[in-house]
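One-letter residues, chain by chain:
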Amino acid sequence: MKEPKYEELNYFAHWTRRGFLKRAGAWAGAGLLQPVLSLIGSGKSIAAAYPDEVLSIEKYTKGRVKPGMVISKDDADLVKDIAPEGLIVELQRGGQIKIAETDLRPDAVNPKFWVEATLRNKGQAILDKNGQLWHKDGKPWIGGAPFPEPKTALEAVWNYKFNPRRYDDLRVISKVIGIDSNGSVLRRDGAIYMQIQTVGRLVVDPKPILPKYKDEIHRTLLSLTEPFDVYGLAVASTIYYDAAKLPDTDLYIPTLRRTRRVPSTQRFESASPYSTYYTTDLDLQNDPVLTWSWKLEGRKPMLAPSASNIGARAKGGTKEDFIFPPSDEKFPRSTWELRPEMLLVDGVPHLPGANYSRKRLYIDGIYQRSQMADIWDMAGKLWKFFVFLTGKTGRSDNAGAEAVDLTGIVFADLQRDYHSNVNFYDKVGDIDFRVNANLTIEDWITSSAMLRRARR
Amino acid sequence: MRQGKLLIWGLLILFAMAIPSAAWAQTTIGPFEITGYYQYTINPATEHANRNNFTCLSFIAGPGGTPARLSCPPGLQRKAGKPDFLLMRQMLDLNIFGKFNENWSVTLEPRLIFDMTKIADSHFRQYDSFPTKFSGSGNLLEGGGNDFNAELRQAYLDYREGNWWLRIGKQQIAWGEALGLRVLDTVNPLDLRQNFGIDRIFEEFDKIRIPQWFIRANYTIPNESIPDLTGEFILNPGAVVPALLPAQGAPYNVVPSFLKIRDNVNQGEPTVGGRLTGTVSDVQFSVNFLTKPDDFGAKVFRTVFPTPVFPSNCLFPVTPPGLPCVGLENKHPRVYIVGGSVNYNWAAAGAILRLETTVTPDAPFSRFTGPGDNPTPTRIIERPVWKTVLAVDRPTYVIPGLDSMTIGFQFLETFTGGNLSRVMDGAGAKVDTAVHVFTVFFQQPILDKRVSLEFFGLFDTDDGHWLQPGVRWEIGNHVRLDLYYNKFGGAEKRPVSKSFGTSYMNFANGPYFRFTYGF
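Residues numbered from 1 in each chain as written. Chains lettered and ligands numbered in written order. Predicted model: local features only at pLDDT ≥ 70, side-chain atom pairs only at ≥ 80, totals over all residues.

1. A short note on the overall build of chain A
Turning to step 1, where the next piece is worked out: Along chain A, the regular secondary structure elements total eight helices and 20 strands.
Turning to step 2, where the next piece is worked out: Here the C-alpha atoms of chain A give a radius of gyration of 21 Å, agreeing with the 23 Å that 2.2 N^0.38 yields for 456 residues.
Turning to step 3, where the next piece is worked out: In chain A, which comprises 456 residues, the proportion classed as buried is 58%.
Turning to step 4, where the next piece is worked out: Sequence-distant contacts in chain A: of pairs separated by 6 or more residues, those separated by 24 or more amount to 60%. (Helix = DSSP H or I, 4+ residues; strand = E, 2+ residues; numbered from the N terminus. Rg over C-alpha atoms; globule rule 2.2 N^0.38 Å. Buried ≥ 20, exposed ≤ 12 C-beta atoms within 10 Å, placed from the backbone. Contact = placed C-beta atoms within 7 Å.)

Set out below in structure tokens:
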């Protein structure tokens with residue numbers, strides 16, 4: 001893929017220092033003054049990697065937008081050039097965001113052990129001619145972001161998709177509210193979601209591979225808790241390491257009292273009434289990497305959700321706090337910040353039934369993680385906007401630090417003006433949130449495990 | 001009865017506890033999660049009266065010198081003619097799941113049913129909506145009266161430790177790949193008392209599979225070559241429950257009114273089984289074994305009741321005494337079933353292929369003797385039965401712009417060996433060497449999956465069919481509306497004389513309206 005020239009990138013004016021460095025050194029090709037990774041590795045601030053202008057939204061917008069400001073429909077135009085298209089639509093319809101200072105911590109939305117593995121394993125990842133990720137010794141990747149300085153869209157997508165949640169295993173509790181264009185709550189869904197990484201494991205033994213599942217990348221389990229007629233329904237997915245292969249799906253269907261294998265092809269349709277997201281949209285991008293084609297459309301400073309959005313984990317949080325508190329509101333308030341380098345990665349699906357013409361993943365150049373996506377329909381009209389908010393959870397990551405994970409999601413269907421807003425909780429019933437907790441596939445994500453853990 | 005009342009009050013209290021906080025999620029009380037639903041079902045009658053309820057025998061000789069069959073309305077109905085309703089029912093079903101720690105949990109499913117059919121429709125007499133005339137009926141843990149039934153439907157304890165899983169108690173056990181066809185899924189008998197199991201087909205046997213007292217032990221066998229290799233052992237020590245049929249006189253009665261059947265169920269006969277499941281490459285498999293008393297049993301002649309002394313006449317005192325009545329005994333011999341199943345993810349076609357098969361070397365049948373259309377079942381014989389189902393499921397985009405349609409296709413062959421002359425099955429139907437049945441299932445979601453258009457069709461190559469088109473509408477979190485229609489035809493319409501004792505089901509043609517409120 002041809003890399004866009006520096007001049008083509010959508011930065012604002014006066015980049016004299018950057019322009020100079022571009023001519024002087026290779027790093028400027030990625031818009032950097034010096035490599036971010038070496039700064040992280042040496043424990044220095046990554047501020048030195050970027051021009052001052054992209055580290056301060058106030059400077060960047062020439063004082064028009066400042067930290068602490070609340071952006072709404074009245075002043076959405078102020079951030080039009082640095083926001084995803086979908087966010088502008090949301091703001092114009094009544095959404096509100098608060099602006100924060102740029103967070104320069106490399107581990108603000110990634111676990112520290114992940115960042116360390118990224119540094120440790122740098123340079124060891126390769127892509128074969130099909131675009132499949134491997135360790136240079138021909139084995140599956142060993143963990144951390146494989147391409148910390150991505151030069152292509154595919155590398156950027158692998159950085160995110162290899163392990164979108166970053167943990168060896170995790171179990172989260174979510175509640176989804178379906179809201180229509182009038183702001184009326186139509187439906188509430190509850191779920192427990194689990195993911196167990198089978199390769200690239202960094203904390204929980206055996207590392208880095210579960211030998212028995214070496215042909216897989218991870219397994220997931222979605223166990224529904226509401227509404228009443230899906231209570232106990234469980235969906236187990238086996239995601240293969242071969243990123244051109246669709247997952248295998250097994251259901252436990254309470255009505256049938258047994259597990260049932262089903263095709264995995266229904267990826268572009270809603271899983272439940274009123275929901276605005278499809279199977280393909282979970283984790284922003286849920287299909288295997290090579291079932292889509294990817295193109296890097298640019299790099300630029302952009303707004304993204306701040307790590308201060310801790311959602312339901314904030315005790316007594318209100319909408320005035322702009323932390324994505326649980327609510328029945330159509331536009332939960334959240335805090336955003338200017339990220340100095342965002343990769344604009346466009347994906348085109350090549351799967352039967354795909355009704356997206358394009359999905360744009362915004363992948364943070366520091367975090368190598370995506371928190372936003374715009375989606376266009378087959379006619380090329382903007383259709384959906386998704387935001388995945390990530391922050392501290394207050395729970396241990398069992399690797400010596402506090403776990404950071406999803407705290408909220410907005411799935412917005414902009415054409416119908418419907419929302420599916422998701423909040424994450426620490427505990428529901430007997431199930432609690434946990435990561436790197438030695439959750440095993442045999443205990444949780446097999447047909448027999450689903451059967452013995454059936455709640456109905 | 002005191003126990004029954006106690007159970008009812010307990011359930012009502014639980015229901016009252018559940019309702020107030022049902023606005024969000026299941027109700028949680030301590031370690032217990034409570035969900036459930038209330039359901040109101042109306043099934044108007046559209047055809048004629050069920051002939052099983054007013055078919056008589058006469059001493060006046062018919063063809064072959066045997067008693068002729070008469071229509072003697074109102075028979076077991078109070079008034080002659082087509083009834084207004086086949087079913088009007090309220091149901092409250094709770095699921096109480098309590099998890100005490102990572103190892104122990106308990107599940108309870110109390111269920112209340114109020115059958116209002118004969119209250120709403122004066123055509124019917126006060127038949128028992130929930131007959132349990134067999135020894136060991138206490139195993140059902142149910143009580144009530146003619147119209148009301150309170151049941152502790154499921155009650156089991158789970159223990160999980162490492163690779164072990166143990167479930168003890170009254171439970172459903174479902175095996176196999178086929179949907180709506182009982183090939184491997186024969187561990188539990190069926191409760192056909194309310195509407196003979198012709199409810200919404202998509203729910204399969206969930207409402208009518210009779211939970212039984214089982215010890216179910218699973219062990220996942222550690223190995224490197226077969227993922228999820230699991231052995232399962234099940235044991236019901238002998239609390240036997242047969243398939244339960246509607247009472248004579250009920251709208252869905254399938255036993256002609258001139259028959260009086262005594263269900264001879266021997267308690268203490270264990271049900272024992274096991275299976276091995278696992279995955280090899282792209283194939284999931286199971287190998288199964290089961291031995292149990294046969295659910296439906298086979299009938300043999302017991303007596304002709306002398307007339308006119310009560311209770312000699314089956315219809316007495318409905319019709320004047322003098323018409324003969326035949327007494328049969330329904331026996332439940334032990335059967336041995338071996339079988340297995342496989343499925344294959346045919347990724348290139350986006351489909352799942354399924355195969356399921358069983359062999360029952362000793363399936364019981366009734367051997368008939370006597371002339372003409374009215375032979376007499378005199379003894380039980382055994383015949384080998386081999387059942388095989390081939391199935392394919394494939395979601396397909398049929399209508400542009402809509403979600404994919406779920407399409408399921410199944411082919412069932414039932415092969416019965418040996419001499420089948422004058423042999424009839426437990427339902428009183430003539431037995432053919434090979435019976436072929438096709439089923440198709442379509443489900444097309446529309447309006448963002450809020451509404452599903454459904455169609456089920458079962459076709460017997462011997463000219464019989466059951467069609468069930470339907471619509472399901474999901475309204476928010478709590479309300480579900482269902483409308484579906486049952487249509488029977490073809491060979492199912494054969495008169496009783498050609499298939500002694502069988503149900504010719506076209507009387508059951510008609511719509512179902514169902515309102516469900518879940519919490």
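2. A word on the overall build of chain B
Turning to step 1, where the next piece is worked out: In terms of helices and strands, chain B carries two helices and 26 strands.
Turning to step 2, where the next piece is worked out: Of the contacts made within chain B by residues no fewer than 6 positions apart, 64% connect residues no fewer than 24 positions apart.

3. Regarding the environment of glutamate 232 of chain B
Residues and elements named next belong to chain B.
Turning to step 1, where the next piece is worked out: Mapped onto the elements, glutamate 232 comes out in strand β11 (residues 230-236).
Turning to step 2, where the next piece is worked out: Judged by the 21 C-beta atoms lying within 10 Å of it, glutamate 232 falls in the buried class.
Turning to step 3, where the next piece is worked out: Each C-alpha atom of the pair glutamate 232 and tryptophan 165 lies 9.2 Å from the other, and the pair is 67 residues apart in sequence.
Turning to step 4, where the next piece is worked out: Apart from the residues lying within four places of it in its own chain, the contact partners of glutamate 232 are Arg216, Asn218, Gly274 and Arg275.

4. Considerations on the interface of chain B and chain A
Turning to step 1, where the next piece is worked out: With 49 residues of chain B at the interface, the matching set in chain A holds 38 residues.
Turning to step 2, where the next piece is worked out: Per element, the largest residue contribution to the side of chain B that touches chain A is four residues, and it comes from strand β2 (residues 32-44) of chain B.
Turning to step 3, where the next piece is worked out: By residue class, the composition of the side of chain B that touches chain A is 15 nonpolar, 18 polar and 16 charged. (Nonpolar A, V, L, I, M, F, W, Y, C, P; charged D, E, K, R; others polar.)

5. Some remarks on the confidence of the model for chain A
Turning to step 1, where the next piece is worked out: The pLDDT averaged across chain A works out to 91; a share of 93% of its residues lies at or above 70.
Turning to step 2, where the next piece is worked out: Predicted confidence for residues 1-30 of chain A stays below pLDDT 50, and this span has 33 contacts to residues more than four positions away or in other chains. (pLDDT = per-residue confidence, 0-100.)

6. Describing the confidence of the model for chain B
In low-pLDDT regions, the fine details of the predicted coordinates are not to be read closely.
Turning to step 1, where the next piece is worked out: Per-residue confidence for chain B gives a mean pLDDT of 87; residues scoring 70 or more make up 86%.
Turning to step 2, where the next piece is worked out: Scored as a whole, the predicted complex attains pTM 0.91, and scored at its interfaces, ipTM 0.90.

7. Details of the environment of threonine 390 of chain A
Residues and elements named next belong to chain A.
Turning to step 1, where the next piece is worked out: Note on placement: threonine 390 falls in strand β15 (residues 382-396).
Turning to step 2, where the next piece is worked out: The spatial distance from the C-alpha of threonine 390 to the C-alpha of leucine 91 is 20 Å, given a sequence separation of 299 residues.
Turning to step 3, where the next piece is worked out: Beyond its immediate chain neighbours, meaning those up to four positions away, threonine 390 contacts Val109, Ala307, Gln371, Val404, Asp405, Leu406 and Thr407.

8. Quick word on unusual backbone geometry
Turning to step 1, where the next piece is worked out: The peptide bond linking lysine 207 of chain A to proline 208 of chain A adopts the cis configuration, its omega dihedral lying at -10 degrees.
Turning to step 2, where the next piece is worked out: Position of proline 208 of chain A relative to the elements: it lies in the loop between β6 (185-197) and β7 (216-226).
Turning to step 3, where the next piece is worked out: At the junction of glutamate 226 of chain A and proline 227 of chain A, the peptide bond is cis and its omega measures out at 5 degrees in the coordinates.
Turning to step 4, where the next piece is worked out: Positioned with a positive phi, aspartate 417 of chain A is a non-glycine residue whose angle comes to about 60 degrees.
Turning to step 5, where the next piece is worked out: For aspartate 417 of chain A, a count of 17 C-beta atoms within 10 Å puts it in the partly exposed group.
Turning to step 6, where the next piece is worked out: The phi torsion at aspartate 448 of chain B lies on the positive side, around 55 degrees, for a residue other than glycine.

9. Examining helix α5 (residues 112-120) of chain A
Turning to step 1, where the next piece is worked out: For α5 of chain A, every residue scored as buried is listed here: Phe113, Trp114, Val115, Ala117 and Thr118 of chain A.
Turning to step 2, where the next piece is worked out: Those residues of α5 of chain A that are buried lie in contact with α2 (36-41) of chain A.

10. Notes on the sheet that holds strand β12 (residues 259-264) of chain B
Each strand in a sheet pairs with its neighbour through backbone hydrogen bonds, running either in the same direction (parallel) or in the opposite one (antiparallel).
Residue and element names in this part refer to chain B.
Turning to step 1, where the next piece is worked out: Reading across from one edge, β12-β16-β15 is the order of the three strands in this open sheet, with mixed pairing throughout. Looking along the sheet, the strands with just one partner apiece sit at the ends: β12 and β15 (298-304). Taken pair by pair, the neighbouring strands of this sheet meet at an average axis angle of 30 degrees, ignoring direction.
Turning to step 2, where the next piece is worked out: In terms of strand pairing, β12 meets strand β16 (residues 326-331) through six bridges, oriented parallel. Residue isoleucine 261 lies in a different strand from β16, and its bridge partner there is leucine 328. (Pairing = 2+ DSSP bridges. Axes fitted to C-alpha atoms, helices over the stretch in contact; angles between N-to-C directions.)

11. Focus on the pairing of β15 of chain A
All names here are of chain A.
Turning to step 1, where the next piece is worked out: Pairing geometry for strand β14 (residues 370-377) and β15, over five bridges, is antiparallel. Its bridge partner being in β15, alanine 373 is matched across the sheet by phenylalanine 386.
Turning to step 2, where the next piece is worked out: Where β14 folds back onto β15 in an antiparallel hairpin, the turn is made up of four residues, including glycine 380, whose phi is positive at roughly 85 degrees.
Turning to step 3, where the next piece is worked out: Inspection of the sheet shows β15 paired to strand β16 (residues 402-413) by 10 bridges, in the antiparallel sense. Opposite leucine 389, over in β16, you have glycine 408 as the bridge partner.

12. Let's talk about helix α4 (residues 85-92) of chain A
Residue and element names in this part refer to chain A.
Turning to step 1, where the next piece is worked out: Within the span of α4, buried status applies to Gly86, Leu87, Ile88, Glu90 and Leu91.
Turning to step 2, where the next piece is worked out: Next to the buried residues of α4 lie β1 (70-71), β11 (292-305), β14, β15 and β16.
Turning to step 3, where the next piece is worked out: Positioned one or two residues after α4, glycine 94 has a phi angle of 130 degrees, which is positive.

13. Points about the environment of glutamate 474 of chain B
Turning to step 1, where the next piece is worked out: Mapping glutamate 474 of chain B onto the fold places it in strand β24 (residues 464-475).
Turning to step 2, where the next piece is worked out: Along the backbone, glutamate 474 of chain B and valine 451 of chain B are 23 residues apart, and their C-alpha atoms lie at a distance of 6.3 Å.

14. Digging into the pairing of β16 of chain B
Turning to step 1, where the next piece is worked out: Two strands pair when backbone bridges link them, and β15 of chain B and β16 of chain B are joined in this way by six bridges, in the antiparallel orientation. By the bridge assignment, phenylalanine 301 of chain B is partnered in β16 of chain B with leucine 328 of chain B.

15. As for the nonpolar core
Residue and element names in this part refer to chain A.
Turning to step 1, where the next piece is worked out: Of all hydrophobic cores here, the largest spans 134 residues; its most connected members are Val157, Leu303, Val345, Tyr362, Phe386 and Ile409.
Turning to step 2, where the next piece is worked out: Considering each element in turn, this core owes the most residues, seven residues, to β16.
Turning to step 3, where the next piece is worked out: For isoleucine 409, the contacting residues outside a window of four places in its chain are Val387, Phe388, Leu389 and Val422. (Core = buried A, V, L, I, M, F, W, Y, C linked by C-beta atoms within 7 Å.)

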